[in-house]
Amino acid sequence: MAPVDALFVKVQTTTLPKSLRPTAPPPDNVPKHKHVKDLKLRTKLNRQAAHAARSKALVEDAELLLTSEAGKMQVETELERTWRIGQDDIVESAGQEAAKGRRELKLDGGPYRSRYSRNGRHLAIVGNMGHVATFDWQTGTMHAELQLQETCRDITFLQDQSFFAVAQKKYVFIYDRDGIELHRLKAHIEPTRLEFLPYHWLLASVGNNGFLKYQDTSTGHIVAEHRTKLGACHTLAQNKHNAVLHLGHSNGVVTLWTPNIPHPAVQILAHLGPVVGLSVDPSSSGRYMATSGQDGVVKVWNCRNWKGTVREWTTRGGSAELEWSARGALGVAVGGSVNVYTKPSIQTPHAAKAPPPLYLTHPIPHRPLTSVRFCPPPFQDILTIGHNAGLSSILVPGVGEPNFDSTEADPFENKKARREREVKGLLDKGKADETELVDDDDEDAAEGDGDKNDKPQSRAEKEKRKMRGKGKSLKRYLRKQRKNIIDPTAVAIRAKLEKQREEKRVAKAIENGQIEARKPSYDADLRFILLKMQLCHWRKFAA
């Protein structure tokens, strides 16, 4: 035992050689932990803080090196157009690995919907007739294939490719990687759409009964259950920046929901008919939202202020399916083709209802087109379209993110790394009541669109625009509460202010003689006392 102990002590006291130690001084904003009395603990904390500060500085330096943008198709002359280039030409010009993304899956039992895992390596598909399959599309390895023999409406992966949820005819079912049924969620009745919030471990579903339900997949409890009061819902999307769910309803209304608020945080009338397509741009931190309706109109909204549409245009073929890519490209599947538009044209305000410049188009003869999914980062420029005859994957150069964060989603992770990431995700899981909308107090400063309000105003203009009574405490409180959320407290205060204004107006009218003052009426208690006194008086008189 002695040699083992000596070896153990030797390993414990081993330090890095001088050649591998960091020579650069630590940054200035490193905490010193002077409040810790233990010298050994203080030294250890200071060393860890300095190491974390150096790592953060190195990450910032590495980001400066990633200055190259994702490649796009470019034309040589002004008369040429990128949308004239077909998939055969793109496959010939792309590399051998990138060309594997172009494929056609002819399947029975459609129409089909698809969903990629977070790292973009695994694909889950579901047919309306009950065909479900999950596989690694890069290697062609099949994980599970099921024939459920009933109506299936949607599918989604959970925290990783190990589990997936299927919205079946009556309930939501959870399966493992091998296709074994694990759970039957009876609380989710007749689901139509599913979404998984990865940072909160919440499975959200909306169904024909009009209820939006959140279920924690780590504990199995129902976190929230909201009644939308707008009937059956067939459109659901999430904002990956703040985990807010966007719902599109059959009356043309789009609502935004969070687990901690029982009513919509935002409610807008987006279309004149049912909303059939909905997606949020992940490249702009969830700032832009695209919607499409059965009226054949596609609209792009600014989620910071909701002051009308940024851009809108009419499509041929009726309702359209929408999806944003990681680089801000918008895929629109409508009629018998899928069109791709790139920024900044789709995010630039345009008065006329003309479509933005087209980047790429691809005809698909199989109708209807039921889903559009861009492959998540990294490296892949793939767009998968689900239709009645199966699925079609096309190459769209420039829509994928070339610089990915392996700590978020690593396509090359092994079994051990996946377990470590799962444990870390459980420890860092956010609470359901922490989901909220972005604060809109500084929306003008955050927009940066070059408005006239960006110019510095003179003192005279500021005095001219200043309103009387703006600095009162109650006015300041109401100004802070002036958001897109209907707060019962703010509504009660506004009602109280309105009542005070009405009382002042009546008092002023009485003083000017415009109306007569009302005579004070005795209340019920006073009338009862007077009647009792009269009764006693009559009893004495009768005696």
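Here the structure is shown first, and the text comes after it.
Residues numbered from 1 in each chain as written. Predicted model: local features only at pLDDT ≥ 70, side-chain atom pairs only at ≥ 80, totals over all residues. Heavy atoms only, no water.

### Describing helix H8 (residues 488-512)
Between the first and last C-alpha of H8 there are 36 Å, a value that for 25 residues agrees with the 36 Å anticipated at 1.5 Å per step. Within H8 the residues assigned to the buried category are Ala490, Ile493, Leu497 and Ala509. Just beyond H8, the residue with positive phi is Gly513, at close to 80°. (Helix = DSSP H or I, 4+ residues; strand = E, 2+ residues; numbered from the N terminus. Expected span 1.5 Å × (residues − 1). Buried < 20%, exposed > 50% of the residue type's maximum accessible area, 1.4 Å probe, protein only.)

### Remarks on the pattern of salt bridges
Overall, the coordinates contain 18 salt bridges when judged by the stated rule. Measuring nitrogen to oxygen at the nearest pair gives 3.4 Å for the salt bridge that ties Lys100 to Glu97. For Glu97, a relative accessible area of 58% gives the class exposed. Of the charged contacts, one joins Lys424 and Asp428 as a salt bridge, the two residues approaching to 3.0 Å between their closest N and O atoms. Neither residue differs from the other here; Lys424 and Asp428 are each classed as exposed. Because the salt bridges share partners, they merge into one network encompassing Asp160, Glu413, Arg418, Arg421 and Glu422. (Salt bridge = Lys/Arg side-chain N within 4 Å of Asp/Glu carboxyl O.)

### Focus on empty space enclosed by the protein
Evaluation of the coordinates by the stated rule reveals four cavities of 30 Å³ or more. For the second largest cavity, the calculated volume is near 70 Å³. Lining of the second largest cavity is provided by Ser117, Arg118, Asn119, Gln159, Asp160, Gln161, Glu408, Ala409, Asp410, Glu413 and Arg421. Its residues placed into classes, the lining of the second largest cavity shows one nonpolar, four polar and six charged. (1 Å grid on protein atoms, 1.4 Å probe; cavity = no way out; pocket = protein on both sides within 12 Å on 5 of 7 lines; lining within 4 Å. Points joined across faces, edges and corners; volume = space filled by probe spheres on them. Nonpolar A, V, L, I, M, F, W, Y, C, P; charged D, E, K, R; others polar.)

### Quick look at the sheet that holds strand E15 (residues 244-249)
Spatial ordering of the open sheet is given by E14-E15-E16-E17, a layout of four strands whose pairing is antiparallel. If you trace the sheet from one side to the other, it starts and ends with strand E14 (233-239) and strand E17 (266-269), each paired once. Here the average twist between neighbouring strands, direction ignored, is 20°. Two elements, E15 and strand E16 (residues 253-257), share four bridges in a ladder whose sense is antiparallel. Bridged to His246 within E16 is Leu256. (Pairing = 2+ DSSP bridges. Axes fitted to C-alpha atoms, helices over the stretch in contact; angles between N-to-C directions.)

### Some words on the nonpolar core
Counting residues in each nonpolar core, the largest one holds 28 residues, and the members touching the most others are Leu360, Leu383 and Val396. Secondary structure elements with two or more residues in this core: strand E2 (112-116), strand E3 (122-127), strand E4 (131-136), strand E24 (337-341), strand E26 (369-374), strand E27 (382-387) and strand E28 (390-395). Apart from the residues within four sequence positions on either side, Val396 is in contact with Val340, Tyr359, Leu360, Asp381 and Leu383. (Core = buried A, V, L, I, M, F, W, Y, C linked by side-chain atoms within 4.5 Å. Contact = heavy atoms within 4.5 Å.)

### Looking at the packing of aromatic side chains
Summed over all chains, the structure comprises two aromatic pairs. Taking the centre distance of 5.6 Å and the plane angle of 20° together, the rings of Phe164 and Tyr175 count as stacked. Taken together, the positions of Phe164 in strand E7 (residues 163-168) and Tyr175 in strand E8 (residues 172-176) put the pair 11 residues apart, joining distant regions of the chain. Summarising the burial analysis for this pair, Phe164 and Tyr175 share the class buried. The residue whose ring lies beneath Arg118 is Tyr199, and the NZ or CZ to ring-centre distance is 5.3 Å. Just above the ring of Phe211 sits the side chain of Lys213; from NZ or CZ to the centre is 5.9 Å. (Phe/Tyr/Trp six-rings, centres within 6.5 Å; stacked < 30°, edge-to-face > 60°. Lys NZ or Arg CZ within 6 Å of the ring centre and 35° of its normal.)

### Here we look at the sheet that holds strand E12 (residues 211-216)
Where strands meet in a sheet, backbone hydrogen bonds hold them as pairs that are either parallel or antiparallel. Spatial strand order, E10-E11-E12-E13: four strands in an open sheet with antiparallel pairing. This sheet does not close on itself; its edge strands, each paired only once, are strand E10 (191-197) and strand E13 (222-227). Ignoring strand direction, the axes of neighbouring strands in this sheet form an average angle of 15°. Bridge count between E12 and E13: five bridges; the pairing is antiparallel. Among the inter-strand pairings, Tyr214 is bridged to a residue of E13, identified as Ala224.

### Considering the pairing of strand E11 (residues 202-207)
Of all six residues in E11, six are buried, a share of seventy percent or more. What you see with E11 is no split at all: Leu202, Ala204 and Val206 on one side and Leu203, Ser205 and Gly207 on the other are buried throughout. Pairing of E10 with E11, which is carried by six bridges, proceeds in the antiparallel orientation. In the strand pairing of E11, Arg193 is matched with Val206. What sits between E10 and E11 in their antiparallel hairpin is a turn of four residues, with Trp201 showing a positive phi close to 55°. Strand direction decides the pairing type here: E11 and E12, joined by five bridges, are antiparallel. Along E12, the bridge assignment pairs Leu202 with Asp216. Linkage of E11 to E12, two consecutive antiparallel strands, is achieved through a turn of three residues, within which Gly210 is found at a positive phi near 80°.

### A look at the environment of Gly400
Among the structural elements, Gly400 can be located in the loop between E28 and helix H4 (415-427). For the pair Gly400 and Pro377, spaced 23 residues apart in sequence, the C-alpha separation works out to 5.9 Å.

### Overview of the side chain of Glu195
With respect to the helices and strands, the residue Glu195 is situated in strand E10. Polar contacts involving the side chain of Glu195 include one to the side chain of Gln238, which spans 3.2 Å. Residues contacting Glu195, with those up to four places away along its chain left out, are Arg115, Leu202, Leu203, Ala204, Leu236, Ala237, Gln238 and Leu245. (Polar contact = N/O pair within 3.5 Å; in protein donor to acceptor, adjacent residues only side chain to side chain.)

### Overview of unusual backbone geometry
The residue after Lys343, namely Pro344, is reached through a cis peptide bond having omega 10°. Examined against the element boundaries, Pro344 turns out to sit in the loop between E24 and strand E25 (360-363). A positive phi angle is found at His33, which is not glycine, with a value near 60°. Among the structural elements, His33 can be located in the loop between helix H1 (2-12) and helix H2 (39-65). We note that Trp306 has phi near 55°; this positive angle belongs to a residue other than glycine. Inspection of the secondary structure assignment puts Trp306 in the loop between strand E20 (297-302) and strand E21 (309-314). The exposure class assigned to Trp306 is buried, which follows from its relative accessible area of 13%.

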